[in-house]
Amino acid sequence: MLWRKDALKSIYVRMFLVICVAVLPSLAGLVFYVYEQRGYLTEYSTENTERFVQLAAHDESWLFSSTRNMFSAIANMPLIAEKNWPLCHKYMRNLLKEQTDYHDIGLMSVTGESLCSGLQDPEALRTVNFSDREYFQRALYETGLIVSDYHVGRISGQPVILVATALRTPDGLPWVVLYASLDITSMVRARHAAQHSDESIITILDRNGVVLNSMPPRADIEIGQTLADVPLQELLSRNYQGSGILKRSDGSEWLVSHARTGTEEDPGAFTVIYQHPTATAMAKMYRTFWISGALALLLGLLTLILGWVGIQAIVGRNVRYLAAAAKRLSQGKYDTRVTSMVSGQEFIEIASQLDHMAKALGRQEAQWAQSLQRQLGQNKILQMIAQNQPLDDTLRALTQVTQAQIEGGIVSILLLAPDGEHIQSCIAPSLPDSYAQALAQLCCDDETGTCGSAMAQNRVVVTPDIATDPAWESLRDLALVNELRACWSHPILAADGKVVGSLAVYFHKPGPPGMEDLQFSKMATEVASMAIEHNRHHEALRYQSRHDVLTGLYKREVFTARIDNALSAAAASNQRFYVMNLTLHGFKEINSTFGHHIGDNLLRTVAQRLRNLIGDKGDVGRSSGDEFALLFRQPDLTMPIRDLVQEILNEIRRPAELDGTEMQISASIGIAEYPVSGLEPDVLMRNADSAMHRAEREGTGFAFFDASQHERTPNRLLLLSDLRHALDSDELFLHFQPQISLRRRRTVGFEALLRWKHPSKGLVPPGHFMPVAEYSDLIHPLTLWVLDRALEQCSQWHSKGHHASISVNVSARNLLNPEFPTQIQKLLARHNVPAHYLEVEITESAIMVDATRSLSVLHRIRAIGVRIAIDDFGTGHSSLSYLHKLPVDNLKIDQSFIREMDNDKESQTIVDSIIGLAHNLKVSVTAEGVEDQRSLMRLLQLGCDFAQGYLISRPIAAADADAWLEENRC
C-alpha cells in the first residue's frame, strides 16, 4: 500500500494516468459497440431460429395439407364409392409406392375392420380391427382430419402418426374411414439439411410431448419416449411458441425456438423444436469482439506510447532538469543554475525561481558559515576567559579570530598603563615587529594615529586613508613603509566606562570599513573588554585571597605556605631560617578609646613600616587581629638576627600621627629558629607564639623559643582532662543555628554548634576548649560525638516531616585520619540519614596542614554523597590555588566581610567576587554573621544563596529547633 502511495506521487505516473484516462473513452466506445453487436447478433440469431422453426412447422403443416388433398382425391375415386375393395387394395398399393412419407394408406369400416391397405394383402387384414384406436373413434364423431398420437401401427408394425378422416353420406353419417399412416422418420428430415450447423438439433413432438423424430439422432432424445429435458419442457410450457436461451446443467447455453403445427382442425398436434448452441451463434460476434479489442488495444498502446514520448519530450526532460536542480539544492549545492536548460514559459519561470533561490541560499549559507566561525571563535575566547588563561594569550587569540573574520584585516590590541597615558602592552601578532614596537611607545593623544585618537576621544575613529590623515603625522612613514593604508579603532572600556585600551583593524588598501566588519570589530572590542575586566577581577580576587584586606600583608595560611617552602629549601641546603610572631601592646585600648577606624589606620601604618623595613629580605604576614608574622631566611640576612629584631622593635616604637593625633606603640616578638625550634610550619608558628607571650610577659621585647620553658601550663592540662570527662559524662550538648535560602525565604538546615556546661565553671566558650582539643587526640572522638548527636537530631526531624540538613565543623586532624570517611558512613547508616543531608565544614587552613592527605580524605567523603563546605572563606590562602581541586559544594563567607560590607567597599567587593567565583564553579554560597536587614538585602541582590546569623536566629536548643521548624517548615 505504501508503494502505491509513493508511486502516485511521481509526476510521470500521474501523466501516464492522464494518458490512460484519455484513452479510456475510445476503449469504452469499443466495448459499447461490441456489446451492441452482441445484442444485435443475438437478436439476429433468434430471428433466424424462429424463422427456421416456422419453416419446419410449415413443412409439417404442408405434409398434412398434402394428405388432405390426397384424401380428397381418394374419396372421389369411383372404386371407393362402388366399394370395390379388391381394386381399392391395388390402388392403395400403387399409391403407396408413389408416397415416401407414408407407411400405409387404406380404408376401415365404421366397425374398425380393414377394408383395403396399400401395405398388406386382404387376407392378412381380416383379423385386424381398429375400433379401439382413439383416432378411429374421433374420426367417426369429428369432421375433418384427425391426427393421432404416437403409436406403433398394427399393420406396419412401425412407429407412426396416423391421419384419418371419415367419408360421410350426404346426410352426414360416416360410412367408411380413410387413413394414412405417416412415417415419423420422414418428419423434419428435409429441414435438417438446412440447419445452421452440425451442432443444431431439430426435434418434433406430438401433443403429449412424445418424441416423434429428432435430427440428428441423440442418445438423450429417444423416439417414442416423452422428452426428458426438464428445462426444455418448462420452456415449452410457458409459451405456445417462441424462443429463448436455455442453460443446461453442463454449463452450455442453447438458443431454443419452438412452434406448434398440425391440421386446420388440430393446429397444435405437433411441436417443432429447434436448438442451436449459442457458442456457434456468437462465434462471429466473439471473433469480431476479439479483433476489435486487439485493434483497440493496439491503438490504445500506440496512443500511450505516442503520448508518453510526447510528454517526455515536452515535459519529462524539463521536469528531470528541475528535479535534479532541486535535489542539488537539498544537498547544499547552491551553485546550481537550470534556467538555460529548460524550455517552455512555465518551466523557465520555475527554473528562474529555483536559480534565485539557489543564489539566496548560497548567500545565506555563506553568512551562516561566517556566523558559525565567529561564534566558534567567540566561544573559544570566552572559554579562555572562563579558564583564567593569561590575558595576553587570550587577547592574542582574540586578534587572530577577529582578523580571520574580517577579510584583509590585521588586528592589534593596545592596553593602557595604569596612568592612562602610556601604552603598557601591544598585542599584534600579525603586524610587523618594527611597527608593533612603535605602537608600544605611543601616548594616548589625538596626534598618535587612529588608536591614540580613539583612546583620547573615547569613540570609534576611522581612517580611510592613512596617507592623508593629519592624526598620522608621527606614524605615517612607518605605516606606509609597512604597506598599511587604512585603519579604524575602537576604544576598549572598563566596567566603569574608563578607557583601558583600543582595538584596531589595519588594511593594505585605502577605503572605509564595511558595516558588517565594523560591527564585528565592535563585538570583538566588547569581548576584549570582558577579558580585561575578568582578568582584573581574577587578579584582585587572587590578591585578596592571599593578602589581608586591611593591611595588604600575607594571610596566615599563605604565610604558613611560605614557611613550608622555606622548610623545603632549608632541608635541601642545610640552612637555618627564623619564624617570628609580633604582637602590639595596647592596641585593644587604642581601638576601644579612639574607635576602630583609628585602630585600623594603626595596623596599616605598622604593616607599611614592616614592608618598608624588611623589603625583599623576608616575608611579612598578619596572623591575627594585632599580631604579625615574619619569616627570614639565613642567606637573606645582612645583619645578626638580634640586631634585625631590635631594628624592627625600634621602627614599631616610632611615633605615628593618626587623624591628627600622635601615637606611640610598642611590640613584643617571639622567635622560633629552624630546625632547633621545630620541623613543621605549625610547630614553628606555635613555638614562635609561645616565645612571643614569654617576651610580652617578661617585658624583654623579644625572646627566642626555649623548649625547656615551653608552656604546658596546669590550666591547659586541667582543661583537657575536664574535657575528656565531659565527653564521657554527658556534659556536652549541641545548639543549632538555622540556615535559610535567601531566594525561597525558608529554612534549609542547621549548623550544629558544640556547647560545654562545666559542673563548676558553667558554660565554657568553644574558643577556650576547642583549641585544646585540636592539639590532642581528643579531637577525633569529640568530632564523632558531634556527628552522632547531630545526625540523631536530623533523623528525628526527618521522621516529623522536616527534611532539614545538618552542618558539622571538622578539624584539620580529622582530615588526616584515613578512617574518618568510613566512620561518617557508619553514622549515616546508623541513623538512616541520606548522605546529602549532611554537610561537613572545614576551614581553608585545615586543608593546608597536609594538602595531599586532606584532599584524599575529602574526596572519599564526597564520594559517599556528603556535602563539603569551606568555612570562613576569604580568610585563608587556598581560595584559588586549591579551590578548583577541592570537591566543594558550598562556600561560607567569613562573617568579618559580611559585617563590614556596608562600611567597607573592599569587603563588599570581596563578597561580590566570592559569590561570582563560586557560581562560576557551580558552588553555592552561604553568608555567615548576617546581623542586620541591610546586609541581608544586599546579599540577596548579589545573588547569595543561603544565610545564617543573629538577624535570622541565634543558636538554639534542639527543642527550640523543633518549634522553629514547625513555624518555618523546610
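Residues numbered from 1 in each chain as written. Predicted model: local features only at pLDDT ≥ 70, side-chain atom pairs only at ≥ 80, totals over all residues. Heavy atoms only, no water.

The protein appears in an unreviewed UniProt entry as Diguanylate cyclase (GGDEF)-like protein from Pusillimonas noertemannii.

Peer 1: When you look at helix 24 (residues 779-799) in this model, what are you seeing that I'm missing?
Peer 2: Residues three or four positions apart in an α-helix share a direction because the helix packs 3.6 residues into each turn. Helix length check: helix 24, at 21 residues, gives a terminal C-alpha distance of 30 Å against a target of 30 Å (1.5 Å per residue), a fit within 8%. Looking at the residues trailing helix 24, positive phi occurs at Gly801, about 90 degrees. (Helix = DSSP H or I, 4+ residues; strand = E, 2+ residues; numbered from the N terminus. Expected span 1.5 Å × (residues − 1).)

Peer 1: Which parts of the structure should I look at to understand the state of the cysteines?
Peer 2: Each disulfide is one covalent bond, formed between the sulfur atoms of two cysteines. Throughout the structure, instances matching the rule amount to 1 disulfide. Between the sulfur atoms of Cys88 and its disulfide mate Cys116 the distance is 2.2 Å. Of this pair, Cys88 sits in helix 4 (residues 85-98) while Cys116 sits in strand 2 (residues 114-117); the two residues are 28 residues apart in sequence, bridging distant segments of the chain. Taking relative accessible area as the criterion, Cys116 reaches 1% and is therefore assigned buried. Not engaged in a disulfide, the cysteine Cys487 finds its nearest cysteine sulfur in Cys451; these two sulfurs lie 5.0 Å apart. (Disulfide = S-S within 2.5 Å. Buried < 20%, exposed > 50% of the residue type's maximum accessible area, 1.4 Å probe, protein only.)

Peer 1: Sorry, what's going on with the sheet that holds strand 14 (residues 461-463) here?
Peer 2: Hydrogen bonds along the backbone pair up the strands of a sheet, which may run parallel or antiparallel. Spatial ordering of the open sheet is given by 13-12-16-15-14, a layout of 5 strands whose pairing is antiparallel. Pairing within the sheet leaves two strands with one partner each, and these edge strands are strand 13 (423-427) and strand 14. When the angles between neighbouring strand axes are averaged without regard to direction, this sheet yields 20 degrees. Inspection of the sheet shows strand 14 paired to strand 15 (residues 486-493) by 3 bridges, in the antiparallel sense. The residue of strand 15 that forms the bridge with Val462 is Trp488. Its contacts with the sheet place helix 13 (residues 433-440) against strand 12 (410-416), strand 13 and strand 16 (499-507), and it is angled at close to 155 degrees to strand 13. Here helix 16 (residues 515-546) sits on the sheet and contacts strand 12, strand 15 and strand 16; the angle it forms with strand 15, its principal contact strand, is near 35 degrees. (Pairing = 2+ DSSP bridges. Axes fitted to C-alpha atoms, helices over the stretch in contact; angles between N-to-C directions. Contact = heavy atoms within 4.5 Å.)

Peer 1: Help me out: how do you make sense of the sheet that holds strand 18 (residues 618-624) in this one?
Peer 2: Pairing in this open sheet of 5 strands is mixed, and the strands run 18-19-17-22-23 from one edge to the other. Two strands bound the open sheet, and with one partner strand each, they are strand 18 and strand 23 (702-704). Between one strand axis and the next, the sheet turns by 20 degrees as a mean value, whatever way the strands run. With 7 bridges joining them, strand 17 (residues 577-584) and strand 19 (residues 627-633) adopt antiparallel strand pairing. What sits directly across from Leu582, in strand 19, is Phe628. The strands touched by helix 19 (residues 596-614) are strand 17, strand 18 and strand 19; relative to strand 19, the strand with the most contacts, the crossing angle is about 5 degrees. Strand contacts of helix 20 (residues 641-653): strand 17, strand 19, strand 22 (667-674) and strand 23, with the helix running at about 155 degrees to strand 22, the strand carrying the most contacts.

Peer 1: Any chance you could explain the packing of helix 16 against helix 30 (residues 905-920) here in plain terms?
Peer 2: At their nearest, the axes of helix 16 and helix 30 sit 10 Å apart, and the two run at 110 degrees to each other. Between helix 16 and helix 30, the interaxial angle falls into the category roughly perpendicular. The interaxial crossing formed by helix 16 with helix 30 has left-handed handedness. Contacts between helix 16 and helix 30 pair His537, Leu541 and Gln544 from the former with Thr909, Ile910, Ser913, Ile914 and Leu917 from the latter. Looking at side-chain class alone, the contact of helix 16 with helix 30 contains 4 nonpolar, 4 polar and no charged residues. (Parallel < 35°, antiparallel > 145°, perpendicular 65-115°, else oblique. Left-handed = near helix turned anticlockwise from the far one by under 90°. Nonpolar A, V, L, I, M, F, W, Y, C, P; charged D, E, K, R; others polar.)

Peer 1: Honestly, the packing of aromatic side chains in this entry has me stumped. Any pointers?
Peer 2: The way to describe two aromatic rings as a pair is by their centre distance and the angle between their planes. Applying the stated criterion to the full structure yields 11 aromatic pairs. Pairing Phe130 with Tyr179 gives two aromatic rings, centres 6.1 Å apart and planes at 40 degrees, and the pair type is tilted. Pair noted here: Phe130 is in the loop between helix 5 (122-125) and helix 6 (134-141) and Tyr179 is in strand 6 (residues 174-183), with a separation of 49 residues, a long-range link. The interplanar angle of 35 degrees and the centroid separation of 4.7 Å between the aromatic rings of Phe750 and Trp797 together place this pair among those described as tilted. With Phe750 in strand 25 (residues 746-758) and Trp797 in helix 24, the pair connects residues that are 47 residues apart, well separated along the chain. Grouping residues by exposure puts Phe750 and Trp797 together as buried. Aromatic rings pair up to connect Tyr435, Trp472 and Tyr506 into one cluster. (Phe/Tyr/Trp six-rings, centres within 6.5 Å; stacked < 30°, edge-to-face > 60°.)

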